[in-house]
Amino acid sequence: MPSAWRPRALGLALLALAPTASAASGAPWGHIPVHRDAFPNRFAAEVWLADMSQRLSILVPGRHFRVRLLEDVRYAALREGLRPRVVLAVIEVESGFNPYAISSQGALGLMQVMPFWTKRLGAPSANLFRIRTNLRMGCRILRHYLNRHQGDLFTALAAYNGSNGRRYYPDRVYRVFHARWFHQ
């Protein structure tokens, strides 16, 4: 690899294309690999990750964890045809980026996925505290609601949160999106 292509600002975390922990290890990332398809090239990866990492540093202190989380969010979002920045706003509102968050209603992880979704999505034994599993399922659920509501993000967000007909949750996601995640 030419030295010009090596990531400098973010270290080797950008090139971590395979997980470092096995699925059985109990590590929060599980076994789903991060694919190069999440970025068109290394330069785009460095630029996007540096920008988003800076924005996320207020909420998530560890740089390595932050970069890996951003890679995973981007991959899961793009896989379901979602904008990664919208998913980041949902995560901030839902869990404040705590992968071990548990709501009073029993929703789990970063995207606060209700356990009944594991059966509906065909993975009844899935561990929702594994970051990649939670992101994959949360993005799939958000895509489900977007499809159900003909692409209306506002209504889909209300359905995702279970606050159908009420504005407080989608308004909150929109505020967070425009305050921290909107392209500037």
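Located above this text is the structure these notes cover.
What about the packing of aromatic side chains?
Line of reasoning, step 1. Evaluated as defined, the whole model comprises 6 aromatic pairs.
Line of reasoning, step 2. Here Phe-97 and Trp-181 contribute two aromatic rings whose centre-to-centre distance is 6.1 Å and whose plane-to-plane angle is 55 degrees, an arrangement assigned as tilted. Of the two residues, Phe-97 is situated in the loop between helix H3 (84-95) and helix H4 (116-120) and Trp-181 in helix H7 (residues 168-181); the sequence distance between them amounts to 84 residues.
Line of reasoning, step 3. Judged by centre distance (5.8 Å) and plane angle (80 degrees), the ring pair of Phe-177 and Phe-182 falls under edge-to-face.
Line of reasoning, step 4. With a relative accessible area of 37%, Phe-182 lands in the partly exposed category.
Line of reasoning, step 5. Grouping aromatic residues by their ring pairs yields a cluster made of Phe-116, Trp-117 and Tyr-145.
Line of reasoning, step 6. One Lys or Arg, Arg-74, reaches over the ring of Trp-48 and ends 5.0 Å from the middle of that ring.
Line of reasoning, step 7. Note that Arg-120 overlies the ring of Trp-117, its terminal NZ or CZ placed 5.5 Å from the centroid.

Observations concerning the nonpolar core
Line of reasoning, step 1. Core analysis: the largest hydrophobic core is formed by 45 residues, its most contacted members being Met-111, Leu-135, Tyr-160 and Trp-181.
Line of reasoning, step 2. Broken down by secondary-structure element, the contributors of at least two residues to this core are helix H1 (42-56), helix H2 (63-79), H3, helix H5 (131-148), helix H6 (153-161) and H7.
Line of reasoning, step 3. With 8 residues, the single largest contributor to this core is H5.
Line of reasoning, step 4. If we skip the residues at most four places from it in the chain, Leu-135 touches Leu-69, Asp-72, Val-73, Ala-76, Ile-91, Leu-110 and Met-111.

A look at the pattern of salt bridges
Line of reasoning, step 1. A complete count under the given rule lists 5 salt bridges for this structure.
Line of reasoning, step 2. Between Arg-132 and Asp-72 there is a salt bridge, with its nearest N and O atoms 3.0 Å apart. Placement of the pair is Arg-132 in helix H5 and Asp-72 in helix H2, with a sequence separation of 60 residues. Accessibility classification places Arg-132 together with Asp-72 in one group, the buried group.
Line of reasoning, step 3. Put simply, Glu-92 and Arg-180 hold a salt bridge, and the shortest N to O gap is 3.0 Å. With Glu-92 in helix H3 and Arg-180 in helix H7, the pair connects residues that are 88 residues apart, well separated along the chain.
Line of reasoning, step 4. We classify Glu-92 as buried; its relative accessible area is 16%.

Examining H2
Line of reasoning, step 1. Under the 1.5 Å per step criterion, the end-to-end length of H2 is 24 Å for 17 residues, consistent within 8% with the ideal 24 Å.
Line of reasoning, step 2. Among the 17 residues that make up H2, 12 are buried, leaving the element largely enclosed by the rest of the structure.
Line of reasoning, step 3. Inspection of H2 places Arg-66, Val-67, Arg-68, Leu-69, Leu-70, Glu-71, Asp-72, Val-73, Arg-74, Tyr-75, Ala-76 and Ala-77 among the buried residues, and these make up the whole buried set.
Line of reasoning, step 4. Where H2 is buried, its residues touch H1, H3 and H5.

So, the environment of Ala-45
Line of reasoning, step 1. Structurally, Ala-45 can be placed in helix H1.
Line of reasoning, step 2. In this structure the C-alpha to C-alpha distance between Ala-45 and Glu-71, which are 26 residues apart in sequence, comes to 8.7 Å.

A closer look at the environment of His-183
Line of reasoning, step 1. Here His-183 is to be found in the segment after H7.
Line of reasoning, step 2. Looking at His-183, the relative accessible area reads 54%, which means it is exposed.
Line of reasoning, step 3. The spatial distance from the C-alpha of His-183 to the C-alpha of Met-52 is 9.9 Å, given a sequence separation of 131 residues.

Quick notes on the packing of H1 against H3
Line of reasoning, step 1. Contact geometry of H1 with H3 gives a least axis separation of 13 Å together with a crossing angle of 20 degrees. Here H3 runs roughly parallel to H1, going by the angle between their axes. Crossing handedness for the pair H1 and H3: right-handed. Facing Trp-48, Asp-51, Met-52 and Arg-55 of H1, the residues of H3 in contact are Pro-84, Arg-85 and Leu-88.

About the thresholds
- Residues numbered from 1 in each chain as written.
- Predicted model: local features only at pLDDT ≥ 70, side-chain atom pairs only at ≥ 80, totals over all residues.
- Heavy atoms only, no water.
- Phe/Tyr/Trp six-rings, centres within 6.5 Å; stacked < 30°, edge-to-face > 60°.
- Helix = DSSP H or I, 4+ residues; strand = E, 2+ residues; numbered from the N terminus.
- Buried < 20%, exposed > 50% of the residue type's maximum accessible area, 1.4 Å probe, protein only.
- Lys NZ or Arg CZ within 6 Å of the ring centre and 35° of its normal.
- Core = buried A, V, L, I, M, F, W, Y, C linked by side-chain atoms within 4.5 Å.
- Contact = heavy atoms within 4.5 Å.
- Salt bridge = Lys/Arg side-chain N within 4 Å of Asp/Glu carboxyl O.
- Expected span 1.5 Å × (residues − 1).
- Axes fitted to C-alpha atoms, helices over the stretch in contact; angles between N-to-C directions.
- Parallel < 35°, antiparallel > 145°, perpendicular 65-115°, else oblique.
- Left-handed = near helix turned anticlockwise from the far one by under 90°.

Shape descriptors only; they carry no functional weight alone.
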